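Per-entry structural report
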Amino acid sequence: LQCGSVVHCLRLPELSTGIHDGLQDAVDDPITPVPIKFTHINLDVCFGSSVEVAYQLRNLTEYQLSSGEDTPDPAAIPFTRGAPYNRILQRLVDNPFITNINLSNGIVDDYQAVNTGDNLNDDTWESIRISNVPALEGDLNQLAQEIINYVNPGGKGVVAANRKTIRNHRDNTVQMRNNSLRDLF
């Protein structure tokens, strides 16, 4: 967000702290403090379903819902509707005892149902079960260590052959609509 020459950014730790503090203020009970979590946090932002975001929300929610792509802007892209809040709320009204996983899946389905058209082939809405984040964190740390060892065997610097292999793998990954990003899977 830019205001004149000043850029205002909400960084991930600030997002996490703000959600935590706001939730604690809303249910503050000094006599019987209880750890409180949301069941769902729906982030209606572009590229919100990254591992980094899920990590910041790991103690705040059971499910994170967000997009791994640009989110549709109804003013800019014909046939899009953005996040279907009316459908989500109606789902809760119709079934107030819906399970968390079914609500999560329903939100994803609702998003896909209202955002159709030729411009949305890459648009997604994901549901992330946050309890899986610690295991993913461990796997990513292991992968990072293996990459470090591969690129820098024996602490002797980057080996040109490894650098070429890494570049080839990077160049052969699926490119997202935002040309500066690549989906590594």
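The structure under discussion appears in the preceding block.
A brief structural summary.

Cut-offs used in this document
Residues numbered from 1 in each chain as written. Predicted model: local features only at pLDDT ≥ 70, side-chain atom pairs only at ≥ 80, totals over all residues. Heavy atoms only, no water. Helix = DSSP H or I, 4+ residues; strand = E, 2+ residues; numbered from the N terminus. Expected span 1.5 Å × (residues − 1). Contact = heavy atoms within 4.5 Å. Patch = residues over 30% accessible without salt bridge, like charges linked within 9 Å, V, L, I, M, F, W, Y side chains within 5 Å. Areas by Shrake-Rupley, 256 points an atom, 1.4 Å probe, with all protein chains shown as cover. Salt bridge = Lys/Arg side-chain N within 4 Å of Asp/Glu carboxyl O. Pairing = 2+ DSSP bridges. Axes fitted to C-alpha atoms, helices over the stretch in contact; angles between N-to-C directions. Buried < 20%, exposed > 50% of the residue type's maximum accessible area, 1.4 Å probe, protein only.

**What about helix 1 (residues 12-26)?**
The terminal C-alpha atoms of helix 1 lie 21 Å apart, and with 15 residues this matches the ideal 21 Å at 1.5 Å per residue to within 8%. In this structure, the buried residues of helix 1 make contact with strand 3 (38-42) and helix 2 (51-56).

**Some details on a nonpolar patch on the surface**
Among the surface-exposed residues, Val51, Leu136, Leu140, Leu143 and Ile147 lie close enough to one another that they form a single nonpolar patch of about 370 Å² accessible area. For the nonpolar patch, the element with the most residues is helix 5 (residues 133-151), which contributes four residues. Of note, valine 51 is situated in helix 2.

**As for the side chain of serine 104**
With respect to the helices and strands, serine 104 occurs in helix 4 (residues 100-114). The residues touching serine 104, leaving out its near neighbours within four places in the chain, are His40, Tyr63, Leu65 and Ser127.

**Side note on the pairing of strand 3**
Both faces of the sheet carry side chains from a regular strand, because those side chains alternate between them. Of the pairings in the sheet, the one linking strand 3 to strand 4 (residues 61-66) comprises four bridges and is parallel in character. Pairing of histidine 40 across the sheet is with tyrosine 63, part of strand 4.

**Structural notes on the sheet that holds strand 3**
With mixed pairing, three strands are arranged side by side in an open sheet as 3-4-5. Each end of this open sheet is capped by a strand with a single partner; those strands are strand 3 and strand 5 (126-129). Between one strand axis and the next, the sheet turns by 20 degrees as a mean value, whatever way the strands run. Pairing analysis gives four bridges linking strand 4 to strand 5, with the strands arranged antiparallel. From the neighbouring strand, serine 66 faces strand 5, where its bridge partner is glutamate 126. Contacts from helix 4 reach strand 3, strand 4 and strand 5 within the one sheet, and its direction differs from that of strand 4 by about 5 degrees.

**Thoughts on the pattern of salt bridges**
All chains considered together, the criterion is met by one salt bridge. As a salt-bridge pair, arginine 91 and aspartate 110 come within 2.7 Å of each other at their nearest N and O atoms. Note that arginine 91 is positioned in helix 3 (residues 85-94) and aspartate 110 in helix 4, a separation of 19 residues in sequence. For arginine 91, a relative accessible area of 25% puts it in the partly exposed group.

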